[in-house]
Amino acid sequence: MKKNVLVIGSGGREHAIVYQLNRSKYVEHIYCAPGNAGIAQLAECEDIADTDVEQLLTFAETHKIDLCVIGPEAALAAGVADAFREAGIPVFGHSKAATQIEASKEFAKEIMAKYNIPTAAYRSFADYDEAMQYVRSRNSYPAVLKYDGLAAGKGVVIAKDEQEASDTLRDMLVGEAFGKGKVVIEDFLQGPEFSFMAFVHHNQVYPMPLSQDHKRAYDGDEGPNTGGMGAYTPLPFISAEEEQWALEHILKPVAEAMVKEGKPLTGVLYGGLMKTADGIKVIEFNARFGDPETEVVLPLMETDAYTVFHAIATGETLEAVHWRKQATVGVVMASCGYPGAYAKGAEITGVEDFDGLVLHMGTKRKEGKLLTNGGRVLMCIAHGEDIKQAQRNVYDEIKKINCTNLFYRKDIAHWAL
Ligand code: AMP
Ligand code: GLY
C-alpha cells in the first residue's frame, strides 16, 4: 500500500527532502507544513507553523500519515517528534532531550569530554568575573566565546583581544543578550571546516557524503555571516581514510554516547568538523540536516528515501544507504541586503529554464507569479564530472534566472579548486 508522508519545514532543506520522497516508489501523497512555492509543486502545503505541536499532530492523525520527517531544529526543540512518537506515528526526528546535542553547547562539550571525542579544550562559566579571570589567565587570542543555547547563529564570538572578550562576556552574561545562560570558552582551532552528516537510529549510523558550506555573504569569504551561501560535494581535501576515521572516532561514538546517556538519536547527526594540524576535531554538532549542505547531498541518495527515513524512524536495520558519486555544486540566490534587512515580493523568472535542480528556500506564488519571500530565496544545483565542471555548469545556468533583487556568490567551491 502506498504511503502518506508529512514533511515539516519550509526551506531548501525541506524541498530536498520532498524532492527525494517524491521519487520514492512507496510514496502516494506528500504533505508539507508549511512548505513554500517550490515544495508546492510536489506536495500539498498546509499552513501550520513548524512548532505547532498540537495542530501538526491533529493533521497527521486526520490524514493518516504513515511517516513524518522533521527538518528544522525549532520543531525538534518544540517537542514535535516526542508528540508523534507518543501517538505511535513513525517520525524521523530526535526527541527534545536528544536535540540538546545542538541546543546546548555545554551539553555537547560534556559528552565529548566524557567519551573522548576530539574537540577544542573548554571551560564554561555563568559568572562574568570568573569568566574574565579565566580569559585573563589564559591570555591567548583570539578567544572563542559561545553562548550556551540557541542564539539564531549569533551566539559565537571569536574575540581578538581582551577588550572584545570582556564586552562580549558582559553582553552575554550580564546583559543576557540571548537570555539567561552560561558561556563556553574554548581554544581557537585552525583549518578548513566541513560538514559530515549521518542518518542515525540509536547505535546505527549511516554516513552521508561530505560537504562544505560557505558562511560569509560575499566572494572570497568576506562580509557578514549568513545561514550559508552555497555548498558542494565531494571534498578533495579530506581523504577516504580521514573520512573513515571521523566516522569511527566522532559520529559513531557520539551516537553510542547518546544511547548511554538515555537520549538516543533518531534522525540526522551533523558534525561541523575542522581539519586541524592536530587531526580532525569537532566545532559543533547539529541535530538536523544542514542547510544548504542537504541540498547538494540528498539529491545524490540512490536508496529509496521512504525506506531510509522510515527505517531511521522505526529502527529497522538498513543494509546500507547508497550514494551516487557525482560532483555537485549548489549556489544560493539571496535577497539584496541579506543577511541584513531586505525586501520581499520581487518577481523571479526563468527558473524552469535552469538545466539542473532548483530548490526553493524562501519563495511564494501570487497570481501565478513566483516571488521572493525570504533572505535566502533559491538554491541552484548542478552536477559535473568533477567540481570544476559542476561549478562551470551551475554558473552557466544560473544566468537564466532573472530577478532584480537577488545576488549570489561567484566562487562557491573555491576551496576545492
Ligand atoms: P558554531 O556555532 O559552534 O558552529 O560556531 C560558529 C563558527 O565559529 C564556526 O563555524 C567556526 O567558523 C567558528 N568557530 C567555532 N568554534 C571555533 C573554534 N574553537 N576555533 C575556531 N573557530 C571556531
Ligand atoms: N550549514 C550549517 C548549518 O546548517 O548549521
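Residues numbered from 1 in each chain as written. Chains lettered and ligands numbered in written order. Predicted model: local features only at pLDDT ≥ 70, side-chain atom pairs only at ≥ 80, totals over all residues. Heavy atoms only, no water.

Remarks on the site of ligand 2
Inference 1: Taken together, D213, K215, Y270, N286, R288, G290, D291, P292 and E293 form the complete shell of residues around ligand 2.
Inference 2: Note that an oxygen atom of ligand 2 is positioned 2.9 Å from one of the backbone N or O atoms of D291.
Inference 3: Coverage of ligand 2 by the protein amounts to 92% of the 200 Å² it exposes when considered alone.
Inference 4: In terms of residue class, the shell around ligand 2 is built from two nonpolar, two polar and five charged. (Near = heavy atom within 4 Å. Polar contact = N/O pair within 3.5 Å; in protein donor to acceptor, adjacent residues only side chain to side chain. Areas by Shrake-Rupley, 256 points an atom, 1.4 Å probe, with all protein chains shown as cover. Nonpolar A, V, L, I, M, F, W, Y, C, P; charged D, E, K, R; others polar.)

A few points about the side chain of T168
Inference 1: Along the chain, T168 turns up in helix α8 (residues 162-174).
Inference 2: Among residues more than four places away in sequence, those in contact with T168 are L145 and V157. (Helix = DSSP H or I, 4+ residues; strand = E, 2+ residues; numbered from the N terminus. Contact = heavy atoms within 4.5 Å.)

Describing the sheet that holds strand β21 (residues 363-366)
Inference 1: Pairing in this open sheet of three strands is antiparallel, and the strands run β19-β22-β21 from one edge to the other. Looking at which strands have only one partner, the edges of the open sheet turn out to be β19 (347-348) and β21.
Inference 2: Pairing of β21 with strand β22 (residues 369-372) involves four bridges; the strand directions are antiparallel. Looking at β22, one finds that T363 is bridged to T372. (Pairing = 2+ DSSP bridges.)

Remarks on the sheet that holds strand β3 (residues 44-45)
Inference 1: Across the sheet, which stays open at both edges, the five strands sit in the order β3-β2-β1-β4-β5 with parallel pairing between neighbours. Two strands in the sheet have a free side with no partner beyond their single neighbour: β3 and β5 (91-92).
Inference 2: In this sheet, β3 lies alongside strand β2 (residues 27-34) in parallel orientation, the contact comprising two bridges. Of the residues in β3, the one forming a bridge with C32 is C45.
Inference 3: Docked against the sheet, helix α1 (residues 12-22) engages β1 (3-9), β2 and β4 (67-70), running at close to 170° with respect to β1.
Inference 4: On top of the sheet, helix α2 (residues 53-62) reaches β1 and β2; it is set at about 165° to β1, its chief contact. (Axes fitted to C-alpha atoms, helices over the stretch in contact; angles between N-to-C directions.)

Quick notes on a nonpolar patch on the surface
Inference 1: The grouping of V156, I158 and F188 at the surface amounts to a nonpolar patch, some 230 Å² of accessible area in total.
Inference 2: By secondary structure assignment, the location of F188 is in the loop between β9 (183-186) and β10 (193-201). (Patch = residues over 30% accessible without salt bridge, like charges linked within 9 Å, V, L, I, M, F, W, Y side chains within 5 Å. Salt bridge = Lys/Arg side-chain N within 4 Å of Asp/Glu carboxyl O.)

Details of the nonpolar core
Inference 1: Counting 59 residues, the largest nonpolar core has I101, I250, L251, F285, V329 and I401 as its most contacted members.
Inference 2: Elements represented by at least two residues in this core include exactly α6 (105-114), β10, α9 (240-260), β16 (266-276), β17 (279-286), β18 (327-335), β23 (376-384) and α12 (387-398).
Inference 3: In terms of residues, this core owes the most to one element, α9, which gives eight residues. (Core = buried A, V, L, I, M, F, W, Y, C linked by side-chain atoms within 4.5 Å. Buried < 20%, exposed > 50% of the residue type's maximum accessible area, 1.4 Å probe, protein only.)

Thoughts on the site of ligand 1
Inference 1: As a matter of local geometry, ligand 1 sits amid K105, V144, K146, V156, I158, E186, D187, F188, L189, E193, I283 and E284.
Inference 2: The contact in question runs from a nitrogen atom of ligand 1 to an N or O atom on the side chain of E186, over 2.7 Å.
Inference 3: Interatomic distance of 2.8 Å between a backbone N/O atom of L189 and a nitrogen atom of ligand 1.
Inference 4: Here ligand 1 loses 81% of its free accessible area of 470 Å² to cover by the protein chains.

Description of the pairing of strand β14 (residues 222-225)
Inference 1: Bridging between strand β13 (residues 216-218) and β14 involves two bridges; their strand directions are antiparallel. Looking at β14, one finds that R216 is bridged to N225.

Concerning the state of the cysteines
What we call a disulfide is simply a covalent bond connecting the sulfur atoms of a pair of cysteines.
Inference 1: Within this structure, the stated rule accounts for zero disulfides.
Inference 2: Just so you know, C380 is unpaired, no disulfide at all, and the nearest cysteine sulfur is the one on C403, 11 Å from it.
Inference 3: Note on C403: no disulfide assigned, nearest cysteine sulfur contributed by C336 at a separation of 7.7 Å.
Inference 4: With relative accessibility at 18%, the residue C403 sits in the buried group. (Disulfide = S-S within 2.5 Å.)

Side note on helix α7 (residues 128-138)
Inference 1: Along α7, the residues that are buried comprise Y128, A131, M132, Y134 and V135. Burial along α7 is one-sided: seen end-on, the buried residues are contained in an arc of 160°. In α7, those exposed residues whose orientation departs by more than 90 degrees from the buried face are D129, Q133 and S137.
Inference 2: Buried residues along α7 sit in contact with β6 (122-125), α8 and β9.
Inference 3: Measuring from the backbone nitrogen of D129 back to the side-chain oxygen at the start of α7 gives 3.1 Å, which picks out D127 as the cap.
Inference 4: Of the residues flanking the end of α7, it is N139, one or two places downstream, whose phi is positive at about 50°. (Arc of directions from axis to C-beta.)

Quick word on the packing of aromatic side chains
Inference 1: Following the criterion strictly, the structure yields 15 aromatic pairs and no others.
Inference 2: Ring centres 6.3 Å apart and planes at 50° place the aromatic pair F237 and W415 in the tilted group. With F237 in the loop between β15 (230-233) and α9 and W415 in the segment after β24 (406-407), the pair connects residues that are 178 residues apart, well separated along the chain.
Inference 3: Relative to Y342, the ring of Y338 has its centre 6.4 Å away and its plane inclined at 65°; by these criteria the two rings are edge-to-face.
Inference 4: By relative accessible area, which is 32% here, Y342 ends up partly exposed.
Inference 5: Each member of the aromatic cluster is reached from another via a ring pair, and the members are F92, F199, F289, F309 and W323.
Inference 6: For K410, the ring lying beneath its charged end belongs to Y408, and the centroid distance is 4.4 Å. (Phe/Tyr/Trp six-rings, centres within 6.5 Å; stacked < 30°, edge-to-face > 60°. Lys NZ or Arg CZ within 6 Å of the ring centre and 35° of its normal.)

In short, shape yes, function no, at least from these values alone.
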